[in-house]
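The lines below spell out each chain.
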Amino acid sequence: MVIYFDNSATTQVSEKAAAKALEVMRQNYGNPSSLYSLGLAAEKIVQDAREKAALAIGAQAEEIYFTGCGTESNNWAFKGLAEANRKGKKNHLVITAIEHPAILQTAKALENHGYQVSVVMPQKDGRMKASDLLAKVKEETLLVSCMHVNNETGVIQPIAEIGCALAALSHKVYFHVDAVQSFAKLPIDVKKNKIDFLSASGHKIHAPKGIGLLYVKKGVRILPLLNGGGQEKGMRSGTENVPGIAAFGVAIAEALAQRKIRMQGMQAVCEALCTGLQKEQIEFYSNSQMDENGVPYILNLSFPGAPAEVLLHYLEQDGICVSAGSACSSRKDIFSHVLQAMDLPKERLASSLRFSFSGSNTVEEAQIVAKSLAKAVREIRGLRMK
Ligand code: PLP
């Protein structure tokens, strides 16, 4: 038996999404660019998914572009905007220190091309302060990027506050949101929150890997990363991944329809894990926010005295899959950059685990994990005492 508590890494494809992908691969396998009915049917499937995606964030269908993954969407927003503004004077970006490497490395790549990048630190609780980001904005700022939900801690970032403040400035500063960990899970309104670009990824919401999207606000000019046959209105060439797109559409519709019930289920699982650990009376610390500033589907805990990678091995023997916040307890450079930015002490950095839930996880699973974890922590701490 496997207990899968690593749903922020990826998710199991839902039955309906998998069935849709298979149907498209076997029956509606036309190329959306073809003019006969098999092609037109494929085009309709793509359009249908685009409408579902738009609905999830309050956008118009024509503002949604399908990509290969969240990483591509992030790269495209940054590099496509930079390319479109090559002749302008704006050469400054503002990002947060807790972004996913798909943002951090993209910003670094632009830095190598002459951009200046301001990296803003979070508060100790892992939440960014909107005013700290805004304080870095200047005349030359082209883009501000802030993720919606942090993938390691589940802390919700103040995107509405940032977006509205940027929109109120006298000069245009574009706003990008990496919503890979919140898309179709939390309500998002790109119009109300004044978002110009938003990235999402299928495999985090029970669609297959290899499909993502970028929302680009109508009227915002961005150049394509891929040139070629002119698919996606010339913005993302390459024959569309129709099975992936179709499955993404189905997964989005399922996520929206089941949002409340999934959220309640994950909340119960999260609470059961914490209560279970408390009952076991082992010392642990939460690096997540258990209130309205955090999501119940990502829980980051530290177990000082028990190195994360050793804990992972113990849990794996019991068929439990979770993520480590650090790869090795002895080298600082491979501690989580997010937890380091939160200025956690070394023993918490070295012993952090991320538990991330889906709507299919159960309270019983959480109870089993709490027991297994407590046993592992006790054993490891005991061994280290000797
Ligand atoms: N952004 C965030 C916040 C993520 O958590 C991830 C993946 O974990 C990505 C971007 C990259 O998404 P993808 O795996 O689709 O490239």
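Sequence order sets the numbering: in each chain, residues are counted from 1 along the sequence as written. Per-residue local features are limited, in this predicted model, to residues with pLDDT of at least 70; the limit for side-chain atom pairs, both in listing and counting, is 80 or more; totals at the level of whole chains, interfaces and linings are taken over all residues. Each side-chain value is worked out from all heavy atoms of the structure, with water and hydrogens disregarded.

A. Fine view of empty space enclosed by the protein. Buriedness for pockets is judged along seven lines, at least five of which must meet protein on both sides within 12 Å for an open set on the 1 Å grid over protein atoms alone, while cavities are sets there where a 1.4 Å probe fits but cannot get out, and lining residues have an atom within 4 Å of a point. Grid points are joined across faces, edges and corners, and a volume is the space filled by probe spheres set on the points. Inspection of the entire model under this criterion finds 1 cavity of 30 Å³ or more. By volume, the largest cavity amounts to about 130 Å³. If you trace the largest cavity, you find 15 residues lining it, with Ala-184, Lys-185, His-206, Arg-262 and Met-266 closest to the centre. The nonpolar class holds Ala, Val, Leu, Ile, Met, Phe, Trp, Tyr, Cys and Pro. Asp, Glu, Lys and Arg form the charged class, and all remaining residues, Gly among them, are polar. Broken down by class, the residue content of the lining of the largest cavity amounts to 6 nonpolar, 5 polar and 4 charged. Viewed by domain, the lining of the largest cavity spans two of them, domain 1 (3-11 + 259-385) and domain 2 (15-256), each represented by three or more residues. Start and end points for every domain follow an automatic or database-based domain assignment.

B. A look at the sheet that holds strand β12 (residues 323-324). When DSSP finds at least two bridges between two strands, those strands are taken to pair. Secondary structure elements are taken from DSSP: a helix is a run of H or I of four residues or more, a strand is a run of E of two residues or more, and numbering for both begins at the N terminus. In spatial order, the strands read β9-β10-β13-β12; together these 4 strands make up an open sheet with antiparallel pairing. The open sheet has two edge strands with one neighbour each: β9 (285-286) and β12. As judged from the 5 bridges shared by strand β10 (residues 298-302) and strand β13 (residues 352-356), these two strands associate in the antiparallel manner. Along β13, the bridge assignment pairs Leu-299 with Phe-355. With respect to the sheet, helix α9 (residues 308-317) is in contact with β12 and β13, its orientation differing from that of β13 by roughly 45°. Only heavy atoms enter the contact rule, under which two residues are in contact if any of them lie within 4.5 Å. Orientation is described by lines fitted to C-alpha atoms, with helices fitted over the stretch in contact, and by angles between N-to-C directions that extend from 0 to 180 degrees.

C. Representation of the packing of helix α2 (residues 37-57) against helix α7 (residues 242-257) in the model. Running from N to C, α2 and α7 point in directions that differ by 35°, and their axes come no closer than 8 Å. Once α2 is placed against α7, the crossing between them reads as left-handed. Each of Ala-42, Ile-45, Val-46, Ala-49, Lys-52, Ala-53 and Ala-56 in α2 lies in contact with α7, whose residues at this interface are Val-242, Ile-245, Ala-246, Gly-249, Ile-252, Ala-253 and Leu-256. Its residues placed into classes, the contact of α2 with α7 shows 12 nonpolar, 1 polar and 1 charged. A crossing counts as left-handed when the near helix is turned anticlockwise from the far one by less than a right angle, and as right-handed when that turn is clockwise.

D. Structural detail: the environment of Glu-254. As for its position among the elements, Glu-254 is in helix α7. On the basis of relative accessibility, which here comes to 13%, the residue Glu-254 falls in the buried class. Along the chain, Glu-254 and Glu-51 lie 203 residues apart, while their C-alpha atoms are 14 Å from each other. When residues no more than four places from it in sequence are discounted, the contact partners of Glu-254 are Ser-14, Lys-16, Ala-17 and Arg-262. Residue burial is assigned from relative accessible area. The probe radius is 1.4 Å, only protein chains are included, and a residue is buried under 20% of its type maximum, exposed over 50%, and partly exposed in between.

E. Local environment of the pairing of strand β6 (residues 174-178). Judged by how many residues are buried, β6 sits mostly within the fold: 5 of 5 residues are covered. Direction of pairing for strand β5 (residues 141-145) relative to β6: parallel, over a ladder of 3 bridges. The partner of Val-144 across the bridge, within β6, is Phe-175. Convention used here: a crossover is right-handed provided that the path from the first strand, over the helix, to the second strand proceeds clockwise when the strands point away from the viewer. Remark: the β5/helix α6 (residues 159-167)/β6 crossover connection has right-handed handedness. The sheet contact formed by β6 and strand β7 (residues 197-201) spans 3 bridges and is parallel. Across the sheet, residue Asp-178 finds its bridge partner in β7, namely Ser-199.

F. Representation of the side chain of Ser-356 in the model. You can see Ser-356 is positioned in strand β13. In contact with Ser-356, not counting residues within four places along its chain, are Tyr-4, Phe-5, Asp-6, Asn-7, Ser-8, Tyr-297, Ile-298 and Asn-361.

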